[in-house]
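# Working through the structure, step by step
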Amino acid sequence: MQVLDPEIAFLGLAAESAVNYKAAKAVIIPFGLEHSVSYGSGTRHGPKAIIQASHEVELFDEAVWCEPYQRIGIVTLPEPTIEKNISKALDQLQSLVEQTLQSKKFPFVFGGEHSITAGSIRPFIKRYPDLIILHFDAHADLRDGYKGEHFSHASAIRRCLDYPNIEVVSIGIRNISVEEILFLEKNLHRIHIYWAKDKKIWDLQEIFSYLENRPIYLTFDVDGFDASLMPATGTPEPGGLFWDEVQTIITGASKLGKIVGADINELAPIPHFHSCDFLAAKLAYRILSSALY
């Protein structure tokens with residue numbers, strides 16, 4: 001499979017430090033889908049911004065006391081020309097993730113809006129009957145469509161839950177509609193929400209109990225971070241998560257379950273304001289380290 005030159009790919013490695021597709025364990029799939037954004041825009045630029053910012057990420061990770069990329073092997077695909085029809089675009093993404101899994105590699109999708117998860121999750125559903133989604137977000141994303149779009153970014157998790165074997169643990173939620181509450185109350189056996197307002201009293205062992213010994217798909221909407229940390233997103237919300245809180249949960253999840261795939265979404269870069277792009281890039285590297293090191 002064609003991959004980007006390592007110097008312009010994720011982490012911006014020198015040629016002598018990079019691996020080819022065959023040797024890689026992880027594949028970055030840039031997919032800047034932007035179709036249903038309902039407030040701010042710019043998510044189509046998210047993948048490029050994350051990749052560019054990753055060139056400034058220090059390769060040594062103090063959490064594992066090594067340079068994880070050397071033990072993982074990471075390649076980046078060129079971003080495809082994305083279909084204009086959102087349903088066809090999700091089919092397109094599904095195919096890319098399927099090819100990656102068939103090659104026995106870890107797919108990591110860089111979005112784009114959160115609707116990408118409805119496409120990237122499909123190949124995992126076929127492979128893992130007990131799959132659970134670890135979902136970081138400000139929003140529950142449980143609407144059954146929004147503003148006439150069945151695959152809206154506001155429906156990202158609802159579309160995943162169309163599959164009866166899917167269960168979700170949602171972290172940092174602080175925005176939800178009445179419609180979503182009704183769906184939640186009917187599906188409490190499959191949806192476990194940890195509200196941001198309660199984060200000081202979260203029982204981490206309870207959160208981890210849902211993930212233990214299970215395959216985990218991790219989806220991270222960057223608006224899960226507090227808006228003071230992550231203003232570069234279309235629907236920022238105050239009262240959210242901070243770096244160390246996120247790392248504690250991701251690290252715990254990776255030790256008790258197995259993270260089998262991931263996506264980062266909803267970064268809408270602000271020109272000449274690099275901290276948010278860098279945050280998303282470092283988060284991606286840390287997720288890869290947790291999942292594959």
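Conventions adopted
- The numbers attached to residues start from 1 for each chain and follow its sequence in the written order.
- Restriction of local features to residues with pLDDT of at least 70 applies here, the model being predicted, together with a cutoff of 80 or more for giving and counting side-chain atom pairs; totals for whole chains, interfaces and linings are based on all residues.
- Excluded from the side-chain calculation are hydrogens and water; included are all heavy atoms of the structure.
- Strands here mean DSSP runs of E at least two residues long; helices mean DSSP runs of H or I at least four residues long; both are numbered from the N terminus.
- Each residue is placed in one exposure class: buried if its accessible area under a 1.4 Å probe, protein chains only, is under 20% of its type's maximum, exposed if it is over 50%, and partly exposed if it falls in between.
- The criterion used for residue contact is that any of the two residues' heavy atoms lie within 4.5 Å.
- Per-residue and other accessible areas were derived by the Shrake-Rupley procedure at a 1.4 Å probe size, with only the shown protein chains allowed to occlude residues.
- This count recognises Lys and Arg as positive and Asp and Glu as negative, with His and chain-terminal groups excluded.
- Charge placement uses NZ in Lys and CZ in Arg. For Asp and Glu, CG and CD serve respectively.
- Pairing of N or O atoms within 3.5 Å defines a polar contact, subject to two protein rules: one partner must be a possible hydrogen donor and the other a possible acceptor, and residues neighboring in sequence count only if both atoms are side-chain atoms.
- Angular values range over 0 to 180 degrees, each being the angle between N-to-C directions of two axes fitted as lines to C-alpha atoms, with helices fitted over their stretch in contact.
- The cut-offs work like this: below 35 degrees is roughly parallel, past 145 is roughly antiparallel, 65 to 115 is roughly perpendicular, and the gaps in between are oblique.
- Here the nonpolar group is Ala, Val, Leu, Ile, Met, Phe, Trp, Tyr, Cys and Pro; Asp, Glu, Lys and Arg are the charged ones; every other residue, Gly included, is treated as polar.
- At least two bridges found by DSSP between two strands are what make those strands a pair.
- UniProt positions are given in the numbering used here, feature names are shortened, and annotations may be inferred rather than shown by experiment.

## Some thoughts on the overall build of the protein
The helix and strand inventory of the protein stands at ten helices and eight strands. Overall size of the protein, expressed as C-alpha extent along the three principal axes, is 55 × 40 × 40 Å. Looking at the 293 residues of the protein, the share that counts as buried comes to 58%. Summarising the internal contacts of the protein: among those between residues at least 6 apart in sequence, 76% fall at separations of at least 24. Taken as a whole, the protein presents about 12,400 Å² of accessible surface, with 52% of it coming from carbon and sulfur. Seen as two clouds, the 27 positive and the 37 negative side-chain charges of the protein have centres 5 Å apart.

## Concerning unusual backbone geometry
In this chain, Gly 111 is followed by Gly 112 through a cis amide linkage whose omega measures 20°. By the element assignment, Gly 112 lies in the loop between β3 (106–111) and α4 (117–120). Of note, Leu 11 is a non-glycine position whose phi angle comes to about 80°, a positive value. Position of Leu 11 among the secondary structure elements: in the segment before β1 (26–31). Of note, Asn 213 is a non-glycine position whose phi angle comes to about 60°, a positive value. The topology assignment puts Asn 213 in the loop between α8 (204–211) and β7 (215–221).

## Notes on the side chain of Arg 158
Residue position: Arg 158 is located in helix α6 (residues 156–160). Of the residues examined, Arg 158 reaches a relative accessible area of 13% and is grouped as buried. Within the local environment of Arg 158, its side chain forms a polar contact with the backbone oxygen of Leu 142, the two atoms lying 2.8 Å apart. Sequence-distant contacts of Arg 158, defined by excluding residues within four places in its chain, comprise Asp 141, Leu 142, Arg 143, Asp 144, Glu 179 and Phe 183.

## Thoughts on the packing of helix α1 (residues 46–54) against helix α10 (residues 275–292)
Contact geometry for α1 and α10: axes closest at 8 Å, N-to-C directions at 80°. On the basis of their axis angle, the class for α1 and α10 is roughly perpendicular. Contacts between α1 and α10 pair Ala 49, Ile 50, Ala 53 and Ser 54 from the former with Asp 277, Phe 278, Ala 280 and Ala 281 from the latter. Classifying every residue of the contact of α1 with α10 by side-chain character gives six nonpolar, one polar and one charged.

## A look at the sheet that holds β7
Sheet architecture is open: eight strands sit in the order β2-β1-β3-β8-β7-β4-β5-β6, paired in parallel fashion. A single partner strand is all that each edge strand has here, and the edge strands are β2 (74–76) and β6 (191–195). Looking at each pair of strands side by side, their axes are set apart by 20° on average, direction ignored. Relative to strand β5 (residues 167–173), strand β4 (residues 132–136) is paired through five bridges, and the arrangement is parallel. Residue pairing for β5: Ile 133 is matched across the bridge by Val 168. Sitting on the sheet, α8 touches β4, β5, β6 and β7, and the angle it makes with β5 is about 150°.

## Things to note about the UniProt feature "binding site: Mn(2+)" (unreviewed entry) in the protein
When the UniProt feature table is mapped onto this chain numbering, "binding site: Mn(2+)" (unreviewed entry) sits at His 114, Asp 137, His 139, Asp 141, Asp 221 and Asp 223. For this annotated set, covering 110 residues, all C-alpha atoms fall within 12.1 Å of each other, a compact arrangement in space. By the element assignment, His 114 lies in the loop between β3 and α4. Leave out the neighbours within four places in its chain, and His 114 touches His 135, Asp 137, Asp 141, His 153, Ala 156, Thr 219, Asp 221, Asn 265 and Glu 266. Examined against the element boundaries, Asp 221 turns out to sit in strand β7. Those residues in contact with Asp 221 that lie beyond four places of it in its chain are His 114, Phe 136, Asp 137, Thr 233, Asn 265 and Glu 266.

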